[in-house]
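# Examining the three-dimensional arrangement
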Amino acid sequence: ECSSPSSSSSSSSSSSAPGDSRFVPTLPPQKSVLPKLAAAPATGVVPGAQRQVVSIAPLELARALTMMRCWEKAARLARPGSQRLPDRVTPIFPGDRLAPVLILEAGCRAPSKALWEAVLKAADELAGGVEDLVEFGPAGSYCGAYALAPQVSGRLSTYWEKIVAGGVGTPQDVWRWFQECLGLKSKSTPLLTPPVQGLTPTIKCPIKLPKPPPLTPAPLRKGDVKIYLITLPHRSDRRKMPLVGSDAALTAMTAAGFDVEILRASCYCERDAFEARGELGVPLQEMATPNRPLHWVSMRRYKGADVKVGKEEAAKLRAVIDEHYQEGGGAERLVDSMGGTDGVEGYIVDSNWPGATGCAISHVRALMTAALEGYSFTLVFEDDAVIPLEVSWRRGWCTGACTGEICWCPSAWAACVEDAVDLARRAVHESEASKGKHPGLDVLYLGTGEMFEPPGPAEGLLAGEGGMLGSLRRWFARKTTHLQCAMPGWVPRRMELGGLTELGYTWQAQAMLYTRRALDDVLKFPLSDLIWAHDETIPHLYGRMPWNHRYLDALREVGWTRKWVAAAPSDADSMGWVYQLETLTSEAEHDLGLGSAWQSSNAEEF
């Protein structure tokens, strides 16, 4: 977990801004409201229970939260019969056999391979012993290195609510409460040196990472679809209906047969480390399984991003944007300084947006992981995505009970994905059947947002079903949506699928579906070596006149030769099927009853 009290504060300046996350000695302790341990109930938290405020240093609070996340994962190893975590339905390793769980903080050290082998042996011996826990550091305090016996996973899932009810305190307090709740029998085998709890340097400190191990893609899972939801842990305001990150929406998509996974978004702390070190080693998955090896990659900015832009180059770039992007307002709109003084100079680095780097890393992690795991299609949602009620009624996704601006039906999300995948499959099939004469498809925008180049003709990339008569029916359905919605008792039916309209340079990233052809390119480059703002990265792969010559040079240097094909559903209005919540709240001029969910994760509140 991130540990700076100001790690997500809004700032339009570079990573050295005062609001950025740094662990420095002058940070004040953070106040955290916790239930008193003695008053913690067996399950859940009693409303209005007596609470106390204690001071916890930011790094200590983050460490304690990370400990609890490890235990939550261990609890998911339990058999389905003992599974009691409210937001999980499937254990990681189904079956009867449980194994010991070894938990290590990255800074744990051992001077020899023999000691690491001894650690593994001691963990294995828990399976048949009487102890529940073996600590690999000094006894009596939390050391960041320990192993849990197999039976502890079952106890964790049974008593998880009791553990959570104890609150979050210092690592030592949480560790003591954890052992007390589960009644653990422990022993100490001090084989490892605990991690040094030092401070992250605040100065720029370029480092050279070791070369990542080779990426080994799994066999192609023909036809399989992966859905990623990118979200931050502290955005619980976005994990509720009608947003895509709600339990109901995720469950509906899973029940429809899609492989759905929540991807922990990269944050300001990672962005700061990336800026300070010049590159960042990032695991693509949070957890490996016997059938899913763990991969990590080195994230780097694209070649040329660190070269200062002179006045003459900046003027030429703005002139190119003004000439070709008049549709979207030219350079005055595209090169947004985000309230600061930077123009093109900062835009070629992170689009003058403090969160752009973390956002890009998150999307790249999702795409590279899906590519490695062999999926044919990958749909990436950001957590502020919603389906407008008008779109849901017209498409026949809504059950007919919703009112207002947004569709609240969980099943609408499953229907939306089904229709999007159907369109993408048809485009891929057309390309394969024509032996390459049809351009195919690389990315399908379910939401389009601002367009800086005009789209192609309607259904120009892929014709809709039913020929001319079908086109007329779809046109009529679009025009009569408002009237139909107003008719009492009228229940919409699923509308026939239209075709695809090719896109020009378009801003948006809240709902994008990628085909296997695009995923292959992502691995081949790899995209992790080309980090820029994601809203600009993908359009530079398909736009008619992409404006950043530096990024194009970097793409060509890694072997990019084929321009991508991007499209949107032809039956959608200018904004597509899936909107950002902020768009609808802006139009309505209020929060639509969803509180802070519309606010950007770059806002000061977050």
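Residues numbered from 1 in each chain as written. Predicted model: local features only at pLDDT ≥ 70, side-chain atom pairs only at ≥ 80, totals over all residues. Heavy atoms only, no water.

### Overview of the sheet that holds strand β13 (residues 443-445)
Formally: When DSSP finds two or more bridges between a pair of strands, those strands are recorded as paired. A helix here means a DSSP run of H or I that spans at least four residues, while a strand means a run of E at least two residues long, and both kinds are numbered starting from the N terminus. Simply put, an axis is a line fit to the C-alpha atoms, just over the touching stretch for a helix, and the angle between two N-to-C directions goes from 0 to 180 degrees. The contact rule is simple, with two residues in contact once any of their heavy atoms fall within 4.5 Å.
One open sheet accounts for seven strands, arranged β8-β7-β11-β15-β13-β16-β14; its pairing is mixed. Looking at which strands have only one partner, the edges of the open sheet turn out to be β8 (259-264) and β14 (500-502). Ignoring strand direction, the axes of neighbouring strands in this sheet form an average angle of 25°. As paired elements, strand β7 (residues 221-231) and β8 share six bridges and run parallel to each other. Residue pairing for β8: Leu229 is matched across the bridge by Ile262. Where helix α16 (residues 516-524) meets the sheet, its contacts fall on β11 (375-382) and β15 (511-515), and the angle it forms with β15 comes to roughly 85°.

### What to know about the nonpolar core
Condition: Throughout this description, the term nonpolar core refers to a set of buried Ala, Val, Leu, Ile, Met, Phe, Trp, Tyr and Cys residues connected via side-chain atoms within 4.5 Å. A simple rule labels every residue: compare its accessible area, found with a 1.4 Å probe on the protein chains alone, to the largest value its type can have, and call it buried under 20%, exposed over 50%, or partly exposed in between.
Counting residues in each nonpolar core, the largest one holds 71 residues, and the members touching the most others are Leu334, Val443, Tyr514, Ile538, Trp547 and Trp564. Counting residues per element, this core draws most heavily on helix α11 (residues 356-372), at 10 residues. For Val443, the residues in contact, after removing those within four places along its chain, are Met512, Leu513, Tyr514, Ile538, Tyr542, Trp564, Val565, Ala566 and Ala567. Formed by 46 residues, the second largest nonpolar core is a distinct cluster that contains Phe381, Ala424, Leu461 and Ala511.

### Overview of the environment of Ser570
Threshold: Here a polar contact is recorded for every N or O atom pair within 3.5 Å, except that within protein the pair must consist of a potential hydrogen donor and a potential acceptor, and residues adjacent in sequence are included only if both atoms are side-chain atoms.
Within the secondary structure, Ser570 is located in the loop between β16 (566-569) and β17 (579-580). Ser570 sits 109 residues away from Leu461 along the chain, and the two C-alpha atoms are 9.3 Å apart. Of the polar contacts made by the side chain of Ser570, one reaches the backbone nitrogen of Leu500; its length is 3.3 Å.

### Considering the sheet that holds strand β5 (residues 145-148)
The strand order across the open sheet built from four strands is β3-β5-β4-β6, with neighbouring strands paired in mixed fashion. Strands at the two margins of the open sheet, each flanked by one partner only, are β3 (101-104) and β6 (186-188). Geometrically, the sheet is characterised by an average inter-axis angle of 15° between neighbouring strands, direction not taken into account. One ladder, built from four bridges, connects β3 with β5; its direction is antiparallel. Pairing of Val101 across the sheet is with Leu148, part of β5.

### Some details on the pattern of salt bridges
As a reminder of what qualifies: Between Lys or Arg on one side and Asp or Glu on the other, a salt bridge is scored when a side-chain nitrogen of the former is within 4 Å of a carboxyl oxygen of the latter.
This model, assessed by the stated rule, comprises 24 salt bridges. Between Asp272 and Arg271 there is a salt bridge whose closest N-O contact spans 2.8 Å. Both residues of the pair, Asp272 and Arg271, count as buried. With a shortest N-O distance of 2.8 Å, Asp529 and Arg300 are connected by a salt bridge. In this pair, Asp529 sits in the loop between α16 and α17 (534-542) while Arg300 sits in strand β10 (residues 296-300), placing the two residues 229 residues apart along the sequence. We classify Arg300 as partly exposed; its relative accessible area is 27%. Bridged by salt links that share partners, the residues Asp442, Arg517, Asp521, Lys524 and Arg562 form one connected network.

### A few points about the environment of Gly447
Within the secondary structure, Gly447 is located in the loop between β13 and α14 (467-479). Separated by 121 residues in sequence, Gly447 and Ala568 have C-alpha atoms that sit 7.6 Å apart. Residues in contact with Gly447, not counting those within four places in the same chain, are Gln508, Gln510, Ala511, Met575, Gly576 and Val578.

### Focus on the packing of aromatic side chains
Using the following cut-off: Only rings of Phe, Tyr and Trp enter the pairing, Trp through its six-membered ring, and a pair is recorded when the two centres are within 6.5 Å. The plane angle decides the type: under 30 degrees is stacked, over 60 is edge-to-face, the rest tilted.
Following the criterion strictly, the structure yields 18 aromatic pairs and no others. Taken together, a centroid distance of 6.1 Å and an interplanar angle of 65° make the contact between Tyr142 and Tyr146 edge-to-face. Both residues of the pair, Tyr142 and Tyr146, count as buried. The rings of Trp71, Tyr142, Tyr146, Trp175 and Phe178 are connected pair by pair, giving a single aromatic cluster.

### Points about the confidence of the model for the protein
So the rule is basically this: Each residue carries a pLDDT score, the predictor's own confidence in it, on a scale running from 0 to 100.
When pLDDT is averaged along the protein, the result is 81; 79% of the residues meet or exceed 70. The least confident element of the protein, judged by mean pLDDT, is strand β1 (residues 30-35) at 38; the most confident is β15 at 98. In this model residues 4-51 is a low-confidence stretch, pLDDT under 50, and it forms 103 contacts with partners more than four residues away in sequence or in other chains. In this model, residues 79-96 is a region of pLDDT below 50 whose contacts with residues beyond four sequence positions or in other chains number 33 contacts.

### Some details on helix α1 (residues 58-75)
To keep it simple, the criterion reads: For a helix, the expected span equals 1.5 Å multiplied by the residue count minus one.
With 18 residues, α1 should cover 26 Å at 1.5 Å per step; its first-to-last C-alpha distance of 26 Å lies within 8% of that length. Among the residues of α1, those classed as buried are Pro58, Leu61, Ala62, Arg63, Ala64, Met67, Met68, Trp71, Glu72, Ala74 and Ala75.

### Brief notes about the environment of Leu446
Note that Leu446 resides in the loop between β13 and α14. Residue Leu446 is classed as buried on the basis of its relative accessible area of 0%. For Leu446 and Phe381, which are 65 residues apart along the polypeptide, the C-alpha to C-alpha distance reads 9.7 Å.

### Topic: unusual backbone geometry
Note the cis peptide between Met241 and Pro242, where omega equals 10°. As for its placement among the helices and strands, Pro242 is situated in the loop between β7 and α6 (247-255). Phe525 connects to Pro526 through a cis peptide bond whose omega is -10°. Of note, Pro526 is situated in the loop between α16 and α17. The phi dihedral of Glu589 is positive, around 60°, even though this residue is not glycine. Its place among the elements puts Glu589 in the segment after α19 (581-588).

### Examining the packing of α1 against helix α5 (residues 171-182)
Let me state the cut-off plainly: When describing relative orientation, an angle under 35 degrees is termed roughly parallel and one over 145 degrees roughly antiparallel, while 65 to 115 degrees is termed roughly perpendicular and anything else oblique. Residue classes follow a fixed rule: Ala, Val, Leu, Ile, Met, Phe, Trp, Tyr, Cys and Pro count as nonpolar, while Asp, Glu, Lys and Arg count as charged, and any other residue, Gly among them, counts as polar.
Remark: α1 packs on α5, axes separated minimally by 8 Å, with the N-to-C direction vectors making an angle of 30°. On the basis of their axis angle, the class for α1 and α5 is roughly parallel. Contacts between α1 and α5 pair Glu60, Arg63, Ala64, Met67, Met68 and Trp71 from the former with Pro171, Val174, Trp175 and Phe178 from the latter. The residue makeup of the contact of α1 with α5, split by class, is eight nonpolar, no polar and two charged.

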